[in-house]
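Structure at a glance
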Amino acid sequence: MAKNCKKIWRTLVGLGFAACGISKVLGVDIQAKRFAQLNWSESNMKTLGGAQIAGATMLSCKKTSRLGALLLASSALCLLVTGLKHNRKEELAIDSFGIFAALSILFSKKCKK
């Protein structure tokens, strides 16, 4: 049962990060405004979005899931630190949750067969 819960959690985290990454790559208005307020270029936004899509994709494969989780945690940490520097308190909760979710996958124990 725990194995199924881990798969479901990994899928949910992957879908959440993939959706955020896709919105960045497509330049959705809310993302463009956020990154402009953080003084990041559109290219930086799309690069981070691509990294989130890649990390979410890596979560779907057992062999690359830890690397994907590390990539997702680092992208969320990057946004968290930048948000702190620019005093963007309204986004800190979502970035913190992203870090927590990715790290929970990174440090989860492997299931025994």
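Small disclaimer: the values here were computed from a predicted structure and weren't measured.

A look at the UniProt feature "transmembrane region" (unreviewed entry) in the chain
The UniProt record marks residues 67-85 and 92-108 with the feature "transmembrane region" (unreviewed entry), using the residue numbering of this structure. Helix and strand shares over residues 67-85 are 100% and 0% respectively, and the end C-alpha atoms of the span are 27 Å apart. Within the segment residues 92-108, helix and strand shares are 88% and 0% respectively, and the terminal C-alpha atoms sit 24 Å apart.

Some points on helix α5 (residues 92-106)
For α5, with 15 residues, the first-to-last C-alpha span of 21 Å sits near the 21 Å given by 1.5 Å per residue. Within the span of α5, buried status applies to Leu92, Asp95, Gly98, Ile99, Ala101, Ala102, Ile105 and Leu106.

Here we look at the nonpolar core
Membership of the largest hydrophobic core comes to 16 residues, with the highest contact counts inside it found for Val13, Phe17, Leu59, Ala69, Leu72 and Ile105. Within the residue set of this core, elements represented by two or more residues are α1 (2-25), α3 (42-59), α4 (65-85) and α5. The dominant element in this core, judged by the number of residues it contributes, is α5, at 6 residues. With residues near it in sequence (within four places) discarded, phenylalanine 17 still touches Gln52, Ala56, Leu72, Ser75, Ala76 and Gly98.

So, how was this worked out
- Residues numbered from 1 in each chain as written.
- Predicted model: local features only at pLDDT ≥ 70, side-chain atom pairs only at ≥ 80, totals over all residues.
- Heavy atoms only, no water.
- UniProt positions renumbered as here; feature names shortened; annotations may be inferred.
- Helix = DSSP H or I, 4+ residues; strand = E, 2+ residues; numbered from the N terminus.
- Expected span 1.5 Å × (residues − 1).
- Buried < 20%, exposed > 50% of the residue type's maximum accessible area, 1.4 Å probe, protein only.
- Core = buried A, V, L, I, M, F, W, Y, C linked by side-chain atoms within 4.5 Å.
- Contact = heavy atoms within 4.5 Å.

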